[in-house]
Amino acid sequence: KQEVTQIPAALSVPEGENLVLNCSFTDSAIYNLQWFRQDPGKGLTSLLLIQSSQREQTSGRLNASLDKSSGRSTLYIAASQPGDSATYLCAVSAFGNEKLTFGTGTRLTIIP
Amino acid sequence: NAGVMQNPRHLVRRRGQEARLRCSPMKGHSHVYWYRQLPEEGLKFMVYLQKENIIDESGMPKERFSAEFPKEGPSILRIQQVVRGDSAAYFCASSTTGETQYFGPGTRLLVL
């Protein structure tokens, strides 16, 4: 059974700093991995999707990497801004099964 | 191009009543997924549907819960005889095969 873990559960960082969020998964036979952000009381916004054959994806100030063999992904946020404050979730899917298994998230607070 | 739409956004029911949650996928998407987020918990997969077919319902409670995605119209998640433990945010997502899942804003169900 796939399990996804995100550490730390909460993180506070001064504005302008670069930061890394971590995601680990127990079963390396994944199809893809997605990073989302969730604002309080809102839905999920897809940030990046990495296919199992890829090593990283970039979008603006965000860069996500994937190391399938070690069961890890990181989300790098450059030059953090207060608007980046949210809960960040990673989720994986398996081959032949498109349901997502989510981690419990990292609640990020950017301090102005 | 409208995103995934869910209604109602908030729903209050008394114990024993029925709850019907609706989801309209993004245009061109034929895959619909339902997830539940219990208070202070992560998102859990419930069911995956394609038009007129349930593909994977491994996350659905065995009783009182049902889902459909008819040929015409939105996908419906139906909860019969609701109990307080059903209070949660219910999210719908849609996708094309193997690609990014796009989430709706969710329906927040409160059972009194």
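Here's what I pulled together on the structure shown here. Sequence positions are assigned chain by chain, starting from 1 and proceeding in written order. Think of it this way: whatever chain is written first is A, whatever ligand is written first is 1, and the rest follow in order. For this predicted model, a pLDDT threshold of at least 70 governs which residues receive local features, and a threshold of 80 or more governs which side-chain atom pairs are given and counted, while totals over whole chains, interfaces and linings are taken from all residues. Note that water and hydrogens are dropped before the side-chain values are worked out from all heavy atoms of the structure.

Once that is clear, we can look at the pairing of strand 1 (residues 4-7) of chain A. Residues and elements named next belong to chain A. Only protein chains enter the area calculation, which uses a 1.4 Å probe; residues under 20% of their type maximum are buried, those over 50% are exposed, and those in between are partly exposed. Helix numbering and strand numbering both begin at the N terminus, where a helix is a DSSP run of H or I of at least 4 residues and a strand a DSSP run of E of at least 2. Only one face of strand 1 is buried, namely the one carrying Val4 and Gln6, since none of Thr5 and Ile7 on the opposite face is buried. Bridge count for strand 1 against strand 3 (residues 19-25) is four bridges, and the pairing is antiparallel. By the bridge assignment, isoleucine 7 is partnered in strand 3 with asparagine 22. A pair of strands is treated as paired once DSSP finds two or more bridges between them.

Here we take up the state of the cysteines. By convention in this document, the label disulfide applies to cysteine sulfur atom pairs within 2.5 Å. Inspection of the entire model under this criterion finds two disulfides over all chains. In this model, cysteine 23 of chain A is linked to cysteine 90 of chain A through a disulfide, with the two sulfur atoms separated by 2.0 Å. Its S-S torsion of about 75° marks the bond between cysteine 23 of chain A and cysteine 90 of chain A as right-handed, since a negative value means left-handed. Taken together, the residues cysteine 23 of chain A in strand 3 and cysteine 90 of chain A in strand 9 (residues 86-94) connect sequence positions 67 residues apart. Across the pair, exposure class does not vary: cysteine 23 of chain A and cysteine 90 of chain A are buried alike. Each sulfur in the disulfide pair cysteine 23 of chain B and cysteine 92 of chain B lies 1.7 Å from the other. Around the S-S axis, the bridge from cysteine 23 of chain B to cysteine 92 of chain B shows a dihedral of about -50° and counts as left-handed. Taken together, the residues span a long stretch of sequence, with cysteine 23 of chain B in strand 3 (residues 19-24) and cysteine 92 of chain B in strand 9 (residues 88-95) at a distance of 69 residues. The same class applies to cysteine 23 of chain B as to cysteine 92 of chain B, namely buried.

Residues and elements named next belong to chain B. Judged by pairing direction, the sheet is antiparallel, and its four strands sit side by side in the order 1-3-8-7 without closing on themselves. Looking at strand neighbours, the two that pair on one side only are strand 1 (5-7) and strand 7 (65-68), the edges of this open sheet. For this sheet the average axis-to-axis angle between neighbouring strands, irrespective of direction, equals 15°. Helix axes use the C-alpha atoms of the stretch in contact, all axes being lines fitted to C-alpha atoms, and the angles between their N-to-C directions lie in the range 0 to 180 degrees.

Chain A puts 18 residues into the contact, and the matching count from chain B is 21 residues. Accessible surface is computed with a 1.4 Å probe, and the buried area is the amount of it that two parts give up when combined, taken over both parts together. Here chain A and chain B share an interface that buries about 1500 Å² over both sides, 50% of which is from carbon and sulfur atoms. Salt bridges are counted wherever a side-chain nitrogen of Lys or Arg sits within 4 Å of a carboxyl oxygen of Asp or Glu. In this structure, the connection of chain A to chain B is made through zero salt bridges. Pairs of N or O atoms within 3.5 Å make up the polar contacts considered here, provided that, within protein, one atom can donate a hydrogen while the other can accept it, and that residues adjacent in sequence are counted only when both atoms are side-chain atoms. There are eight residue pairs in polar contact (both at pLDDT 80 or more) connecting chain A and chain B. Those elements that place two or more of their residues in the side of chain A that touches chain B are strand 4 (30-38), strand 5 (44-51) and strand 10 (97-102) of chain A. Per-class residue counts for the side of chain A that touches chain B are seven nonpolar, eight polar and three charged. Contact between two residues is taken to exist if any of their heavy atoms lie within 4.5 Å; hydrogens are not considered. In this classification, Asp, Glu, Lys and Arg are treated as charged, Ala, Val, Leu, Ile, Met, Phe, Trp, Tyr, Cys and Pro as nonpolar, and every other residue, Gly included, as polar.

It is worth spelling out the pattern of salt bridges at this point. Using the criterion set out here, one finds five salt bridges over all chains in the structure. Here arginine 61 of chain A makes a salt bridge to aspartate 84 of chain A, at a shortest N to O gap of 2.8 Å. One end of the pair, arginine 61 of chain A, is in the loop between strand 6 (56-59) and strand 7 (62-67); the other, aspartate 84 of chain A, is in the loop between strand 8 (72-77) and strand 9, with 23 residues separating them in the sequence. According to the relative accessible area criterion, arginine 61 of chain A is partly exposed, its value standing at 29%. Relative accessible area serves as the criterion here: at 7%, aspartate 84 of chain A is assigned to the buried category. For aspartate 86 of chain B, the salt bridge goes to arginine 64 of chain B, with nearest N and O atoms at 2.7 Å. On the criterion of sequence distance, the pair formed by aspartate 86 of chain B in the loop between strand 8 (75-79) and strand 9 and arginine 64 of chain B in the loop between strand 6 (53-56) and strand 7 is long-range, its members being 22 residues apart.

Taken together, Val12, Leu110 and Leu112 of chain B make up a surface patch of nonpolar side chains, about 250 Å² in accessible area. Of note, valine 12 of chain B is situated in strand 2 (residues 10-13). Nonpolar side chains (Val, Leu, Ile, Met, Phe, Trp, Tyr) within 5 Å and like charges within 9 Å form the patches, drawn only from residues with over 30% relative accessible area and no salt bridge. Only the protein chains shown count as cover for residues, and the accessible areas themselves come from Shrake-Rupley with a 1.4 Å probe.

What follows concerns the pairing of strand 6 of chain B. All names here are of chain B. Sheet topology note: the strand 5 (residues 43-50)/strand 6 ladder contains three bridges and is antiparallel. Bridge assignment links glutamine 50 to a residue of strand 6, and that residue is asparagine 53. Here strand 5 hands over to strand 6 after two residues, with glutamate 52 in that stretch at a positive phi of 65°.

Residues and elements named next belong to chain A. As for its placement among the helices and strands, aspartate 27 is situated in the loop between strand 3 and strand 4. Look at aspartate 27 and you get partly exposed, because its relative accessible area is 37%. Note: C-alpha distance between aspartate 27 and valine 92 (65 residues apart in sequence) is 9.7 Å. Looking at aspartate 27, its side chain comes within polar contact range of the main-chain nitrogen of alanine 29, at 3.0 Å.

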